[in-house]
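Descriptive structure summary
Single-letter residue listing:
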Amino acid sequence: MKIALHVFGEGDHPGTGRPQAALLQAGCEALGWPCRICTASAEILDFAPDLVLSLTMAAPKLTALPTVAVLWDHAPRLEAKAAYIRYLLSCDGLVVPDAAAARYVRDILHAARKSCPVAEAPFSSVRQPRPAAPGDAALMVEAADLSDAWLMPLMHLADRLPLAVYGPADPWAALGSAWRGEADTPFAERLARHGRYLHPGTPEERERGVPAPHFFQAVAMGAPTIAGAHPWIAAHFGDAVALLPEAAAAMRLIDAVADAAARPTPGAAARAADRFAREMSVESLLTRLAPPAPLPSPCPETRVDYIVRAGGRPAAVLARALAALAAQTHRAIRPIVVVHHAVEGLAEMLSGMRQRFPDLTVIDIAPAPVRSRALWAGLRAVEADYFGILDDDDSLHPEHVASLLAVLRRGGARLAYSGAVRVIEAQATPGRSARHAENRDLAFLEPFSPGRIARANYIVSNAWLARRELLDADVLDAPDLDTGEDFLLLLELLERTGFAPSWRPTAEFFWREDAADHSRRDPGTWRESMARTRRRLMFSRIMANALEAEWPDHGSPWEADFQRFVPLVARRGDTLAAVRARHPGHAIAAAPELIARVSADDPLDAGTDLRVSVDPAAPARRPPPE
């Protein structure tokens, strides 16, 4: 199997995912599997793996490739954070370190009504060769992470048996000859020299629920191992590892270590090593992983009509959108191509699509005086029970339609929506490409909240699928808008039904900072369209709720986050410094991926999503809309 390991940034901090990646790469090499560590989705797509393993919450699922999150450091402090929940739900599978983490993620999946495989595997080690007889049979201790409280017990222990303690001089040099200096050689090399290991453990280990990697490495090497009291070790290794008494007095602890070192249980180390190799090694984890099977359609014969607007962009761009429909695991799709401006080579390109789409329909209204004419021409042509929208410059993952149909078939909502990945396509400004090494981000993966949709829409036009029964005469009354028509349609449908999320980021929308074909380029046109949208919906219950000074906080991570910020979109040529200057007294926030790659004075892409904080001392005072 071909594996891509998705990490974020540089350095060896666990938050980057790089320590975990090095371990998994070693496991893949041991199995003879091709493997690559990737810092950007472009590298992943170029490598074309069978499976992507995401090793940090800064690297959610960003491509159509099967993606599994490996959570070897699940921390309780993250459990209430919307960004962490969004990361977990973006992936197709989850690997967690222990039963507590498994309970947490299964609760999240239950809340989202999302089916997703969950496996338990600790951050352990690859299989290790069994060393020859040790040359220095001192009991080895890795002291770098131990607290000073262990200094006196180790001093007394050094009087009773030979010790080899590795750690910084302060405070461990006080152990005299038992202190062997800094840990400046690999752990495995030192343990092979000594042959046995004392792993006292730390409170942080017990809080995490699983032991640190050095414990697994010692067990993997077949070294007799003495460990501090730890429920996970007791449950998984039994008497194959000598466990110290819990909360024992110092002298009793010293006696326990000395006794275990002097009288090891025969065959215990070999049993522990065999169990590790079978059940806990990185190789055993990798061989248990498999790319999730493609999501099948719940109703293969049910036709879905897709409105595809074309005009003003090359035929090759439209071909990409139609290819995304052709690749859907749900096959029964009829594209309704509405041509609102002439496209050179369109007829030839469409003729090549008719074998896959024999019912392909073309509606030519070029030249359309306003953008909304194309959408409403497509809406009036819908005949299937379900319909969606796909602009010519957007795309979909192969499971998009099938996953939304599965949500709609469960009943309840008559519109289902996915998350969305934003893709930055071209960088016209000199020097921008280096800052945009990652050209994708998880733009939206949100729970349903009517007020938030009306105030700060998070459902892009190609992310949803709806039942045709929603298209009543009022909805089909064309508004003649030059921009924002997708948003108006979504609000009209919101008046008629609740929405349901799939919790899968299967829609992609493309942003080109050097292009002039985006609908929100002209702020004046956008303001006029929004004014008309509010007028057309002035008696709407949704808009009435959304325009209240404060939307009720229901205590969820998303609502708490939304209460503190008002959405904002960058203007052409904006910098973070300029936006901050326009809103004195407010904090300006942006996606972490953006902050990581631009400074305060770097030009932002027009349309970049920002957020302006609300002053907690005066919650009704909000910055003026831009």
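Attention here is on the structure that accompanies the text. Since the structure is predicted, the reported quantities are computational estimates derived from the model, not experimental observations.

Attention shifts here to the sheet that holds strand 10 (residues 225–227). In space, the 5 strands of this open sheet follow the order 8-7-9-10-11, with parallel pairing throughout. Both outer strands of the open sheet, strand 8 (163–166) and strand 11 (242–243), are each paired with one neighbouring strand and no more. Looking at chain direction, strand 7 (residues 139–142) and strand 8 are connected through 4 bridges and run parallel. Its bridge partner being in strand 8, Leu139 is matched across the sheet by Leu163.

Overall, the coordinates contain 28 salt bridges when judged by the stated rule. Glu485 is paired through a salt bridge with Arg309; the nearest N and O atoms lie 3.0 Å apart. Of the two residues, Glu485 sits in helix 20 (residues 485–494) while Arg309 sits in strand 12 (residues 304–310), which places them 176 residues apart along the sequence. On the accessibility criterion, Arg309 (4% relative accessible area) is buried. Of the charged contacts in the structure, one is a salt bridge between Asp486 and Arg309, with a shortest N-O distance of 2.8 Å.

Structurally, Thr67 is set in strand 4 (residues 67–70). With 27 residues separating them in the primary sequence, Thr67 and Leu94 have C-alpha atoms 8.9 Å apart. Setting aside residues up to four positions removed in sequence, Thr67 forms contacts with Val52, Ser54, Lys61, Cys91, Asp92 and Gly93.

With that settled, the discussion passes to the sheet that holds strand 22 (residues 507–511). With mixed pairing, 4 strands are arranged side by side in an open sheet as 16-22-18-19. Edge positions in the sheet fall to strand 16 (394–396) and strand 19 (440–444), since each has one partner strand and no second. Strand-to-strand, the axes of this sheet are offset by a mean angle of 30°, without reference to chain direction. Note that strand 18 (residues 420–424) and strand 22 share 5 bridges and pair parallel. Across the sheet, Val421 pairs through a bridge with Glu508, a residue of strand 22.

Here we take up the packing of aromatic side chains. Each aromatic ring pair is described using two quantities: the centre-to-centre distance and the angle formed by the ring planes. Going through the model one piece at a time under the given rule, you end up with 11 aromatic pairs. Ring geometry for Phe187 versus Tyr197: centroids 5.3 Å apart, planes at 90°, classification edge-to-face. Of this pair, Phe187 sits in helix 7 (residues 187–194) while Tyr197 sits in strand 9 (residues 196–199), placing them 10 residues apart in sequence. On the accessibility criterion, Phe187 (6% relative accessible area) is buried. By relative accessible area, which is 2% here, Tyr197 ends up buried. The interplanar angle of 80° and the centroid separation of 5.5 Å between the aromatic rings of Phe216 and Trp232 together place this pair among those described as edge-to-face. A residue pair is termed long-range when its members are at least 10 positions apart, and Phe216 in helix 9 (residues 213–220) and Trp232 in helix 10 (residues 231–237) qualify at 16 residues. Its relative accessible area of 9% is what places Trp232 among the buried residues. An aromatic cluster is defined as three or more aromatic residues linked by ring pairs; in this entry it consists of Phe215, Phe216, Trp232, Phe237 and Phe276. Above the ring of Phe47, the side-chain terminus of Lys2 is found at 4.7 Å from the ring centroid. Stacked on the ring of Phe510, the Lys or Arg Arg320 has its end atom at 3.8 Å from the ring centre.

Here is what the cut-offs are and how they apply
Residues numbered from 1 in each chain as written. Predicted model: local features only at pLDDT ≥ 70, side-chain atom pairs only at ≥ 80, totals over all residues. Heavy atoms only, no water. Pairing = 2+ DSSP bridges. Helix = DSSP H or I, 4+ residues; strand = E, 2+ residues; numbered from the N terminus. Salt bridge = Lys/Arg side-chain N within 4 Å of Asp/Glu carboxyl O. Buried < 20%, exposed > 50% of the residue type's maximum accessible area, 1.4 Å probe, protein only. Contact = heavy atoms within 4.5 Å. Axes fitted to C-alpha atoms, helices over the stretch in contact; angles between N-to-C directions. Phe/Tyr/Trp six-rings, centres within 6.5 Å; stacked < 30°, edge-to-face > 60°. Lys NZ or Arg CZ within 6 Å of the ring centre and 35° of its normal.

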